[in-house]
Amino acid sequence: HPCRDPVITPEGFLFEREAIYEFILQKRKDNERALAAWAAQEAADAEEAAQGRREAEARSIEAFERAQSGPVTAVAAASSLA
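Residues numbered from 1 in each chain as written. Predicted model: local features only at pLDDT ≥ 70, side-chain atom pairs only at ≥ 80, totals over all residues. Heavy atoms only, no water.

### Points about the overall build of the chain
Using the following cut-off: Strands are runs of DSSP state E lasting at least two residues, helices are runs of H or I lasting at least four, and both sets are numbered from the N terminus onward. Burial classes follow relative accessibility: with a 1.4 Å probe on protein chains only, a residue under 20% of its type's maximum area counts as buried, one over 50% as exposed, and anything between as partly exposed. For the accessible areas, the method is Shrake-Rupley and the probe is 1.4 Å, while residue cover comes only from the protein chains on display.
Along the chain, the regular secondary structure elements total two helices and two strands. Along its sequence from the N terminus, the chain presents helices and strands in the succession β-β-α-α. Residues classed as buried in the chain amount to 2% of the 82 residues present. Total accessible area on the chain stands at roughly 7,400 Å², and carbon and sulfur atoms take up 61% of it.

Rendered as structure tokens:
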């Protein structure tokens, strides 16, 4: 079909201006969608890392509390009797 608003590239390719605009708009939407997906993945990764740090800290605190509530050593018992 004949072009209503033809555009010719320096290399000699013929395009319709409306088709170029549609292509650019579609690529912009694709890029925005990809950027949103990337941002969501980054946020999920950051939350997962934060959750891992919170769990590691909780395990560390629990290990410390177990160590502190364990049996009294002979040195600690002797010093408390003196």
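Having seen the model, we can carry on.
### Remarks on a nonpolar patch on the surface
Note the cut-off: The residues that make up patches have over 30% relative accessible area and no salt bridge, and they are joined within 9 Å when like-charged or within 5 Å when they are Val, Leu, Ile, Met, Phe, Trp or Tyr. The rule for a salt bridge is simple: a side-chain nitrogen of Lys or Arg has to be within 4 Å of a carboxyl oxygen of Asp or Glu.
A contiguous nonpolar surface patch, about 350 Å² in accessible area, is contributed by Tyr21, Phe23 and Ile24. Looking at the secondary structure, you find Ile24 in helix H1 (residues 17-68).

### Examining the side chain of Glu16
What counts is decided by this rule: Note on contacts: a residue pair qualifies if any of its non-hydrogen atoms lie within 4.5 Å across the two residues.
With respect to the helices and strands, Glu16 occurs in strand E2 (residues 14-16). Residues contacting Glu16, with those up to four places away along its chain left out, are His1, Cys3, Arg4 and Asp5.

### Comments concerning the pattern of salt bridges
The tally for this structure, following the rule as stated, stands at six salt bridges. A single network of salt bridges, built from pairs that share partners, joins Arg4, Glu16 and Glu18.

### Some words on the confidence of the model for the chain
To be explicit about the condition: pLDDT expresses how confident the predictor is about each individual residue, on a scale running from 0 to 100.
Here the chain averages 89 in pLDDT, while 85% of its residues score no lower than 70. Considering each helix and strand of the chain separately, the mean pLDDT is smallest for helix H2 (residues 74-81), with a value of 58, and largest for H1, with 96.

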